[in-house]
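If you want the building blocks of each chain, they are given just below.
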Amino acid sequence: QKLGAGPYKGIFSVIALLGLVLVIMGKAGAPVISVWQPPPWGRHVALALMPVSCILLAAAYMPTNLKRLTPHPMLWGVTLWAAVHLLANGDLASTVLFGGFGLFALCAMWSANLRGATVSTTRHAAGKDALVIGVGLLAYLILLFAHRYLFGVSPMA
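As a starting point, this report considers the structure included with it. Treat the numbers as computed from the prediction; the structure is a model and nothing was measured.

Turning to the overall build of the protein, a few remarks are in order. For the protein, the count of helices and strands is five helices and zero strands. Moving toward the C terminus, one meets the helices and strands of the protein in the order α-α-α-α-α. Along the first, second and third principal axes, the C-alpha set of the protein runs to 45 × 40 × 30 Å. Looking at the protein as a whole, 28% of its 157 residues qualify as buried.

Moving on: the packing of helix H2 (residues 42-59) against helix H5 (residues 126-151). Each pair of packed helices can be described by the angle between their axes along with the distance between the axes. At a minimum axis distance of 8 Å, the contact between H2 and H5 shows a crossing angle of 125°. Judged on the interaxial angle alone, H5 and H2 are oblique. Helix-helix and strand crossings are classified by hand; for H2 and H5 the assignment is right-handed. Contact with H2, carried on its side by Leu-47, Met-50, Pro-51, Cys-54, Ile-55, Ala-58 and Ala-59, involves Val-132, Ile-133, Val-135, Gly-136, Leu-137, Ala-139, Tyr-140, Leu-143 and Leu-144 of H5 and no other residues of that element. Split by residue class, the contact of H2 with H5 holds 15 nonpolar, one polar and no charged.

Each aromatic ring pair is characterised by the separation of its centres together with the angle its planes make. With the rule as written, the count across this model stands at three aromatic pairs. Both rings, one in Trp-81 and one in Phe-98, keep their centres 5.1 Å apart while their planes meet at 80°; by these two values the pair is edge-to-face. One end of the pair, Trp-81, is in helix H3 (residues 73-88); the other, Phe-98, is in helix H4 (residues 92-114), and 17 residues separate them in sequence. For the pair Trp-81 and Phe-101, a centre-to-centre distance of 5.6 Å together with 80° between the ring planes defines the contact as edge-to-face. Highlighted residues: Trp-81 in helix H3 and Phe-101 in helix H4, separated in sequence by 20 residues. Taking the relative accessible area as the measure of exposure, Trp-81 reaches 22% and is therefore partly exposed. Take Phe-101: its relative accessible area is 32%, and that puts it in the partly exposed class.

Let us look at the nonpolar core. Ala-46, Met-50, Cys-54, Leu-80, Val-84, Tyr-140 and Leu-144 form the largest nonpolar core, which has seven residues in total. Of all the elements in the fold, those that place two or more residues in this core are H2, H3 and H5. It is H2 that contributes the most residues to this core, three residues altogether. In this view, Cys-54 contacts Gly-136, Ala-139, Tyr-140 and Leu-143; residues no more than four positions away in its chain are not counted.

Calculation rules
Residues numbered from 1 in each chain as written. Predicted model: local features only at pLDDT ≥ 70, side-chain atom pairs only at ≥ 80, totals over all residues. Heavy atoms only, no water. Helix = DSSP H or I, 4+ residues; strand = E, 2+ residues; numbered from the N terminus. Buried < 20%, exposed > 50% of the residue type's maximum accessible area, 1.4 Å probe, protein only. Axes fitted to C-alpha atoms, helices over the stretch in contact; angles between N-to-C directions. Parallel < 35°, antiparallel > 145°, perpendicular 65-115°, else oblique. Left-handed = near helix turned anticlockwise from the far one by under 90°. Contact = heavy atoms within 4.5 Å. Nonpolar A, V, L, I, M, F, W, Y, C, P; charged D, E, K, R; others polar. Phe/Tyr/Trp six-rings, centres within 6.5 Å; stacked < 30°, edge-to-face > 60°. Core = buried A, V, L, I, M, F, W, Y, C linked by side-chain atoms within 4.5 Å.

Functional significance is not addressed by these values, which are geometric in nature.
Right, here's the structure in full:
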(Lines give C-alpha, C1' and ligand atoms only; values in the text may rest on other atoms or scores of the structure.)
Protein backbone atom coordinates (compact mmCIF):
# COMPACT_ATOMS: atom_id res chain seq x y z
CA GLN A 1 0.00 0.00 0.00
CA LYS A 2 2.93 2.31 0.60
CA LEU A 3 4.04 2.01 -3.04
CA GLY A 4 0.62 2.24 -4.62
CA ALA A 5 -0.91 -0.08 -7.21
CA GLY A 6 0.94 1.30 -10.26
CA PRO A 7 4.50 1.16 -8.90
CA TYR A 8 3.84 -2.23 -7.29
CA LYS A 9 2.61 -3.67 -10.60
CA GLY A 10 5.59 -2.15 -12.40
CA ILE A 11 8.11 -3.67 -9.99
CA PHE A 12 6.28 -6.99 -10.04
CA SER A 13 6.29 -7.00 -13.86
CA VAL A 14 10.03 -6.29 -14.01
CA ILE A 15 10.75 -9.12 -11.56
CA ALA A 16 8.47 -11.50 -13.51
CA LEU A 17 10.16 -10.55 -16.79
CA LEU A 18 13.57 -11.11 -15.22
CA GLY A 19 12.41 -14.55 -14.05
CA LEU A 20 11.22 -15.39 -17.56
CA VAL A 21 14.56 -14.30 -19.04
CA LEU A 22 16.38 -16.49 -16.51
CA VAL A 23 14.16 -19.48 -17.38
CA ILE A 24 14.87 -18.98 -21.09
CA MET A 25 18.61 -18.67 -20.44
CA GLY A 26 18.54 -21.79 -18.27
CA LYS A 27 16.74 -23.79 -20.94
CA ALA A 28 19.09 -22.53 -23.65
CA GLY A 29 22.15 -23.48 -21.59
CA ALA A 30 20.87 -26.88 -20.50
CA PRO A 31 22.53 -29.96 -21.98
CA VAL A 32 20.51 -31.85 -24.58
CA ILE A 33 19.59 -35.12 -22.91
CA SER A 34 17.21 -37.10 -25.08
CA VAL A 35 14.24 -38.56 -23.19
CA TRP A 36 12.11 -39.63 -26.11
CA GLN A 37 11.96 -39.28 -29.88
CA PRO A 38 9.26 -36.79 -30.91
CA PRO A 39 7.19 -37.82 -33.93
CA PRO A 40 8.33 -36.31 -37.23
CA TRP A 41 4.97 -34.55 -37.59
CA GLY A 42 5.16 -33.02 -34.07
CA ARG A 43 6.81 -29.84 -35.27
CA HIS A 44 4.13 -29.35 -37.95
CA VAL A 45 1.37 -29.75 -35.37
CA ALA A 46 3.13 -27.19 -33.18
CA LEU A 47 3.36 -24.71 -36.05
CA ALA A 48 -0.34 -25.25 -36.82
CA LEU A 49 -1.63 -24.95 -33.24
CA MET A 50 0.59 -22.18 -31.89
CA PRO A 51 -1.58 -19.48 -33.52
CA VAL A 52 -4.51 -20.77 -31.44
CA SER A 53 -2.36 -20.58 -28.32
CA CYS A 54 -1.39 -16.99 -29.09
CA ILE A 55 -5.02 -16.02 -29.72
CA LEU A 56 -6.03 -17.56 -26.38
CA LEU A 57 -3.22 -15.68 -24.61
CA ALA A 58 -4.33 -12.40 -26.22
CA ALA A 59 -7.95 -13.12 -25.28
CA ALA A 60 -7.04 -13.12 -21.61
CA TYR A 61 -6.29 -9.40 -21.78
CA MET A 62 -8.86 -8.18 -24.28
CA PRO A 63 -12.66 -8.00 -24.18
CA THR A 64 -13.76 -10.94 -26.31
CA ASN A 65 -16.47 -13.56 -26.61
CA LEU A 66 -13.90 -16.31 -26.00
CA LYS A 67 -14.38 -15.58 -22.30
CA ARG A 68 -17.96 -16.77 -22.75
CA LEU A 69 -16.52 -20.21 -23.64
CA THR A 70 -13.97 -20.48 -20.85
CA PRO A 71 -13.03 -18.37 -17.84
CA HIS A 72 -9.39 -19.34 -18.47
CA PRO A 73 -8.27 -18.37 -21.99
CA MET A 74 -4.71 -17.63 -20.83
CA LEU A 75 -4.35 -20.94 -18.99
CA TRP A 76 -5.72 -22.84 -22.00
CA GLY A 77 -3.24 -20.95 -24.17
CA VAL A 78 -0.37 -21.92 -21.88
CA THR A 79 -1.59 -25.54 -21.79
CA LEU A 80 -1.73 -25.70 -25.58
CA TRP A 81 1.68 -23.97 -25.89
CA ALA A 82 3.20 -26.50 -23.49
CA ALA A 83 1.55 -29.51 -25.16
CA VAL A 84 2.68 -28.66 -28.69
CA HIS A 85 6.20 -27.86 -27.50
CA LEU A 86 6.34 -31.23 -25.74
CA LEU A 87 5.16 -32.83 -28.97
CA ALA A 88 8.00 -31.16 -30.90
CA ASN A 89 10.82 -31.59 -28.34
CA GLY A 90 11.98 -34.79 -26.68
CA ASP A 91 14.83 -33.58 -24.49
CA LEU A 92 14.90 -33.46 -20.70
CA ALA A 93 15.06 -29.67 -20.34
CA SER A 94 12.05 -29.26 -22.66
CA THR A 95 10.13 -31.94 -20.78
CA VAL A 96 10.77 -30.21 -17.46
CA LEU A 97 10.07 -26.69 -18.77
CA PHE A 98 7.03 -27.30 -20.94
CA GLY A 99 5.68 -30.13 -18.80
CA GLY A 100 6.00 -27.97 -15.71
CA PHE A 101 4.23 -24.99 -17.27
CA GLY A 102 1.50 -27.22 -18.72
CA LEU A 103 0.91 -28.99 -15.42
CA PHE A 104 0.86 -25.66 -13.58
CA ALA A 105 -1.74 -24.26 -16.01
CA LEU A 106 -3.99 -27.32 -15.62
CA CYS A 107 -3.72 -27.17 -11.81
CA ALA A 108 -4.42 -23.43 -11.85
CA MET A 109 -7.61 -24.00 -13.88
CA TRP A 110 -8.73 -26.76 -11.53
CA SER A 111 -8.05 -24.54 -8.52
CA ALA A 112 -9.85 -21.55 -10.04
CA ASN A 113 -12.84 -23.72 -10.88
CA LEU A 114 -12.97 -24.95 -7.29
CA ARG A 115 -13.05 -21.31 -6.19
CA GLY A 116 -16.01 -20.63 -8.47
CA ALA A 117 -14.56 -19.36 -11.76
CA THR A 118 -17.32 -18.97 -14.32
CA VAL A 119 -17.57 -17.98 -17.94
CA SER A 120 -18.44 -14.40 -18.80
CA THR A 121 -22.00 -13.52 -19.70
CA THR A 122 -21.00 -10.28 -21.43
CA ARG A 123 -21.50 -10.26 -25.19
CA HIS A 124 -18.99 -8.33 -27.24
CA ALA A 125 -19.18 -7.13 -30.83
CA ALA A 126 -17.71 -9.46 -33.44
CA GLY A 127 -15.14 -6.78 -34.20
CA LYS A 128 -13.57 -7.39 -30.78
CA ASP A 129 -13.23 -11.07 -31.62
CA ALA A 130 -11.64 -10.16 -34.95
CA LEU A 131 -9.25 -7.82 -33.13
CA VAL A 132 -8.16 -10.49 -30.65
CA ILE A 133 -7.61 -12.93 -33.51
CA GLY A 134 -5.54 -10.32 -35.33
CA VAL A 135 -3.46 -9.54 -32.23
CA GLY A 136 -2.93 -13.25 -31.55
CA LEU A 137 -1.87 -13.93 -35.14
CA LEU A 138 0.48 -10.94 -35.13
CA ALA A 139 2.05 -12.20 -31.87
CA TYR A 140 2.41 -15.65 -33.47
CA LEU A 141 4.18 -14.26 -36.53
CA ILE A 142 6.52 -12.17 -34.39
CA LEU A 143 7.35 -15.20 -32.23
CA LEU A 144 7.72 -17.44 -35.27
CA PHE A 145 10.27 -15.22 -36.96
CA ALA A 146 12.02 -14.07 -33.77
CA HIS A 147 12.11 -17.55 -32.19
CA ARG A 148 15.64 -18.25 -33.47
CA TYR A 149 16.95 -15.00 -31.98
CA LEU A 150 14.99 -15.19 -28.72
CA PHE A 151 15.36 -18.90 -27.96
CA GLY A 152 18.20 -20.11 -30.16
CA VAL A 153 16.10 -22.52 -32.24
CA SER A 154 14.24 -21.92 -35.49
CA PRO A 155 10.86 -23.69 -35.56
CA MET A 156 10.99 -23.62 -39.35
CA ALA A 157 14.39 -25.29 -39.71
